[in-house]
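Inside the fold
Each chain, letter by letter, is given below.
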Amino acid sequence: MKLRFLIFLIVSSVLALLLAKHDVTHAGNETSRYSVVESVLERGTFEIDDSIFSTPDKGERNGHYYGDKPPLLTFCVIAWGRLLKCFGVRFLDGDYYRAVYLTNALIFVLSCLTGWFFYLGLRRRTRMPEPYRIAMSVLSVASTLVLSYAVTLNNHTLCASAMMGLILLLERCEETGMTRLRAFLAGVMTGLLLNLEFVTGGVLGIAVFVFVLTSIAPHRIENALMYAAGAGLMILLEAGLNTVSYGSPLPLYLSTHKPTFTEKNYLSYAFNILFGYEGFFLYMPALLFAGFALASERMRRDRVFVYMMASTAAAMVLLAVGTSDFGGWCYGYRFLIPFAPVLLYYAAIWFGRPCPRLKRWKVFRLALLWGVVFAVVGVMDPWNASYEGSLTKKNALPEHFKNSFLANAFVFCWQISPHSTLTQIFMDRVYGREYAMMYLMMELNNRNDYAGLKRVAEEIRAMERAAAELQGESAGVGGVPE
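Sequence order as written defines residue numbering, which begins from 1 separately in each chain. Residues qualify for local features only when their pLDDT is at least 70, as the model is predicted, and side-chain atom pairs are given and counted only at 80 or more; totals for whole chains, interfaces and linings, by contrast, use all residues. No hydrogens and no water enter the side-chain calculation; it runs on all heavy atoms of the structure.

This part takes up the overall build of the protein chain. Numbering goes from the N terminus for both helices and strands, where a helix is a DSSP run of H or I of at least four residues and a strand is a run of E of at least two. The secondary structure content of the protein chain amounts to 23 helices and two strands. For the protein chain, the C-alpha radius of gyration of 24 Å lies close to 23 Å, the compact-globule estimate for 482 residues. Once the C-alpha set of the protein chain is aligned to its principal axes, its extents read approximately 105 × 60 × 50 Å. Burial status follows relative accessibility: with a 1.4 Å probe on protein chains alone, a residue under 20% of its type maximum counts as buried, one over 50% as exposed, and anything between as partly exposed. Among the 482 residues that make up the protein chain, the fraction classed as buried is 53%. The long-range fraction of contacts in the protein chain, counting pairs at least 24 apart against all pairs at least 6 apart in sequence, stands at 74%. Per-residue accessibility takes into account occlusion by the displayed protein chains alone, with areas from the Shrake-Rupley method and a 1.4 Å probe. If you sum the accessible surface of the protein chain, you get close to 22100 Å²; carbon and sulfur atoms cover 66% of it. Under the convention used here, Asp and Glu are negative, Lys and Arg are positive, and both His and the chain ends fall outside the count. Every charge is mapped onto a representative atom, which is NZ of Lys, CZ of Arg, CG of Asp or CD of Glu. A distance of 14 Å separates the average location of the 44 positive side-chain charges in the protein chain from that of its 37 negative side-chain charges. Computation of the radius of gyration draws on C-alpha atoms, with the globule rule given as 2.2 Å multiplied by the number of residues to the power 0.38. What makes two residues a contact is simply this: any of their non-hydrogen atoms within 4.5 Å.

Below, the discussion takes up unusual backbone geometry. One can expect most non-glycine residues to show negative phi and most peptide bonds to be in trans. With a phi angle near 55°, Asn 62 is a residue other than glycine that sits in the positive phi range. Here Asn 62 is to be found in the loop between strand E1 (58-61) and strand E2 (64-67). One non-glycine residue, Phe 326, lies in positive phi territory at about 55°. Assessed through its relative accessible area of 4%, Phe 326 is described here as buried.

A patch consists of residues whose relative accessible area exceeds 30% and which take part in no salt bridge; residues with like charges are grouped when within 9 Å of each other, and nonpolar side chains (Val, Leu, Ile, Met, Phe, Trp, Tyr) when within 5 Å. A carboxyl oxygen of Asp or Glu within 4 Å of a side-chain nitrogen of Lys or Arg is what we treat as a salt bridge. On the surface, Leu 3, Leu 6, Ile 7, Ile 10, Val 11, Val 14, Leu 15 and Leu 18 cluster together into a nonpolar patch covering about 750 Å² of accessible area. A relative accessible area of 44% means that Val 14 is categorised as partly exposed.

Okay, the side chain of Ser 215 next. Tracing the backbone shows Ser 215 in the loop between helix H10 (198-213) and helix H11 (220-246). Residue classification places Ser 215 among the buried residues on the basis of a relative accessible area of 3%. Within the structure, Ser 215 has its side chain in polar contact with the backbone oxygen of Phe 211 (distance 2.7 Å). If we skip the residues at most four places from it in the chain, Ser 215 touches Glu 174, Met 178, Arg 220 and Arg 303. Nitrogen and oxygen atoms within 3.5 Å of one another constitute a polar contact, given that in protein one can donate a hydrogen and the other can accept it, and given that sequence-neighbouring residues count only through two side-chain atoms.

Here we come to the nonpolar core. With 120 residues, the main nonpolar core has Met 136, Phe 280, Tyr 346 and Phe 364 as its most contacted residues. Residue contacts for Tyr 346: discarding those within four places in its chain leaves Arg 125, Ile 167, Ala 293, Met 299, Val 304, Phe 305, Met 308 and Met 309. Here, the term nonpolar core denotes a set of buried Ala, Val, Leu, Ile, Met, Phe, Trp, Tyr and Cys residues that are joined through side-chain atoms within 4.5 Å. Listed in part, the 19 residues of the second largest apolar core include Ala 385, Phe 426, Leu 444 and Leu 453.

Attention now goes to the packing of aromatic side chains. The rule is short: rings of Phe, Tyr and Trp, with Trp giving its six-membered ring, pair when the centres are within 6.5 Å, and they are stacked under 30 degrees, edge-to-face over 60, tilted in between. In total, this model carries 40 aromatic pairs according to the counting rule given. Seen from their ring centres, Phe 209 and Tyr 227 are 5.9 Å apart, and the 45° between their planes marks the pair as tilted. Of this pair, Phe 209 sits in helix H10 while Tyr 227 sits in helix H11; the two residues are 18 residues apart in sequence, bridging distant segments of the chain. Phe 209 gets classed as partly exposed once you look at its relative accessible area, which sits at 33%.

Okay, the environment of Ala 290 next. Relative to the elements of secondary structure, Ala 290 occurs in helix H15 (residues 290-294). Accessibility expressed as a relative area gives 2% for Ala 290, which makes it buried. As for Ala 290 and Ala 347, which are separated by 57 residues in sequence, their C-alpha atoms are 4.3 Å apart.

This part takes up the packing of helix H8 (residues 156-176) against helix H17 (residues 303-322). In the contact formed by H8 and H17, the axes pass within 9 Å of each other and the chain directions differ by 145°. When the axes of H8 and H17 are compared, the crossing they make is right-handed. Residue-level inspection shows Met 163, Ile 167, Leu 170, Glu 171 and Glu 174 of H8 in contact with H17, the latter providing Arg 303, Val 304 and Met 308. Per-class residue counts for the contact of H8 with H17 are five nonpolar, no polar and three charged. Note on geometry: axes are C-alpha line fits, over the in-contact stretch for helices, and angles between N-to-C directions span 0 to 180 degrees. Two helices cross in a left-handed way if the nearer one is turned anticlockwise from the farther one by less than a right angle. They cross in a right-handed way if the turn is clockwise. Polar here means any residue outside two lists: the nonpolar Ala, Val, Leu, Ile, Met, Phe, Trp, Tyr, Cys and Pro, and the charged Asp, Glu, Lys and Arg; Gly therefore counts as polar.

With that settled, the discussion passes to the packing of H17 against helix H18 (residues 340-351). Relative orientation of the contacting elements H17 and H18 amounts to 140°, with a least axis distance of 11 Å. Relative to H18, the element H17 is oriented oblique. The handedness of the crossing between H17 and H18 is left-handed. Between H17 and H18, the residues in contact are Val 304, Phe 305, Met 308, Met 309, Thr 312 and Met 316 and Val 342, Leu 343 and Tyr 346, respectively. Between 65 and 115 degrees an angle is taken as roughly perpendicular, under 35 as roughly parallel, over 145 as roughly antiparallel, and anywhere else as oblique.

Right, let's get into the pattern of salt bridges. Summed over the entire model, instances satisfying the criterion amount to 15 salt bridges. For the salt bridge of Arg 125 with Asp 302, the shortest nitrogen-to-oxygen distance reads 2.7 Å. Taken together, the residues Arg 125 in helix H5 (residues 113-125) and Asp 302 in the loop between helix H16 (297-300) and H17 connect sequence positions 177 residues apart. A relative accessible area of 26% places Arg 125 in the partly exposed class. On the accessibility criterion, Asp 302 (15% relative accessible area) is buried. A salt bridge links Glu 297 to Arg 301, with the nearest nitrogen and oxygen atoms 3.9 Å apart.

The structure is reproduced here in structure tokens:
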């Protein structure tokens, strides 16, 4: 097992060095955290007024601005930044790209722990050959949006790793019994999830508390209290970090991002975050095969499975009701990313039973391949400019770019071959040339691709010259001779 883990670390580290981004987009999820990190490391303050990172995700306190993201991940990156600083790598001057690149590479490796925990679970629960377990473990990252977002600083993929680790812990509790120590660790894990994502952590926190309280164990009340102690410790940690950051234990995020219950069609919004243009299952259709596990009586006897599936459903309902921005500028519906490996895990367990049905295997493989394609396209920019629902003004440009997969594919085609047939189809048939050129300017600016911006500007000038010449010819033909 040690050799396998060493191989995992080597492979994930190599992929991290190949895929990690070396720059930061203009999306708030990245810039809000990096602005705090840069301010603390370079000026010794949590105030981001003078940060080199301009961010829309911030809150005002006592006349100063602060990043509004949950603080634990930011503090961890600050610690990582101090380590980099010891080796002469800073977030200023010529080291900026290197500091961002090494930070994103670390996030990638930690995100890949999702696949390692996935493998450990399959190894214990399935009788399928080792190649099957390895392949499915790789695909838990490569066929989901975990791959797309792991190349940047984000909380979603780290949350996915923590959730898979929590599943392993709960499965061990079911196999060999719930103890006070395990209950305490479960509380710490759900508290960690709450520090990473409020909805995910809140739902899992309640579900796992009930799981611990109803476990068949001689000291259920004591176990529940130990669980509450572990979760409470992590809640106090977040409150303390908030106080250190801006002087209040309450999350700043709650004052800058409030639930939205109006100005949206609930059914339409729910459809689009699950199956429509930013659809969770559109981008990762293999996750739908977890439905076979739900129909299995054998799987329904697994308490961990029941609680995790119920938590997934509850999170979907809460996010559909309480959000209206499709995740902002992002690739697919990002808030549900932590649940993607969970659903694939149970689909893999169902297919890994002793007698799998081959016809369903073929469709499952196609769905996994579909997910790989969508995940790889997401790597190009998981924080791309796109439709934001209620946050996008009517007739604004991003409203014409609702599907972030098509938007990323269009920019990629243009970068590879701007005059290719596929690029022209995107421009003329999908978006319209005027909107397409405007979006290229917006998205390339978002990516800080100044060479690309120059190319677009040259093309626009060429189009203007061609239009002027055509207009001149038309005037000459239709004009009155002297």
